[in-house]
Amino acid sequence: MDRLFLDANVLFSAAYRADAGLLRLWKLKDVVLCSSRYAWEEARVNLREEAQLDRLAKLASQLELFDVPYGSLPHEITLPEKDVPILFAAVESKATHLLTGDVRHFGPYFGKKIGGILVMLPGNYLRAK
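What you see is a predicted model, and the numbers here were worked out from it, not measured in a lab.

Thresholds applied
Residues numbered from 1 in each chain as written. Predicted model: local features only at pLDDT ≥ 70, side-chain atom pairs only at ≥ 80, totals over all residues. Heavy atoms only, no water. Helix = DSSP H or I, 4+ residues; strand = E, 2+ residues; numbered from the N terminus. Contact = heavy atoms within 4.5 Å. Pairing = 2+ DSSP bridges. Axes fitted to C-alpha atoms, helices over the stretch in contact; angles between N-to-C directions. Parallel < 35°, antiparallel > 145°, perpendicular 65-115°, else oblique. Left-handed = near helix turned anticlockwise from the far one by under 90°. Nonpolar A, V, L, I, M, F, W, Y, C, P; charged D, E, K, R; others polar.

(A) Examining the side chain of His 105 more closely. With respect to the secondary-structure elements, His 105 resides in helix H5 (residues 103–106). For His 105, the residues in contact, after removing those within four places along its chain, are Leu 79, Pro 80, Lys 82 and Asp 83.

What follows is the structure in structure tokens.
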């Protein structure tokens, strides 16, 4: 069973439109969806409409949410400070996959494992299912 850690941009995109393609993640069988309170809050503050916030709350109710532990990045990993809590929470959640649309910062790690977690675009994960 896959444990999918969802970055803030995935939560945001899923809640943004009622017909968002990323909502397919919530319909998958044999997966556990995880995120962090940090990612949820980042998505929440960037959504403007009440309907979007309601969708985010409903989606979040189906997630295992984790607090962000503190630590040091491995020397070979370079991420901006704002993305470090995402990676640490993914490790804390024992995720098998970190799904993110953050090509700029996580892009160099797409298709690679960090701490045993495969980093990939959510669309690529969905296409593989």
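Now that the structure has been shown, we can carry on.
(B) Structural context of the sheet that holds strand S4 (residues 97–99). Sheet architecture is open: six strands sit in the order S3-S2-S1-S4-S6-S5, paired in mixed fashion. Because the sheet does not close on itself, it has two edges, and the strands there are strand S3 (64–66) and strand S5 (113–114). Of the strand pairs in this sheet, strand S1 (residues 2–6) and strand S2 (residues 31–36) are connected by four bridges, and their pairing is parallel. Residue pairing in the sheet places Arg 3 in a bridge with Val 32 of S2. The sheet contacts of helix H2 (residues 37–46) involve S1, S2 and S3, and relative to S2 the element is tilted by about 75°.

(C) Focus on the packing of helix H1 (residues 8–16) against H2. Viewed as axis vectors pointing N to C, H1 and H2 meet at an angle of 45°, and their least axial separation amounts to 8 Å. Relative to H2, the element H1 lies oblique. Viewed along their axes, H1 and H2 form a crossing whose handedness is right-handed. Together, Ala 8, Leu 11 and Phe 12 of H1 and Ala 39, Trp 40, Glu 42, Ala 43 and Asn 46 of H2 make up the contact between the two elements. Of the residues assigned to the contact of H1 with H2, the class counts are six nonpolar, one polar and one charged.

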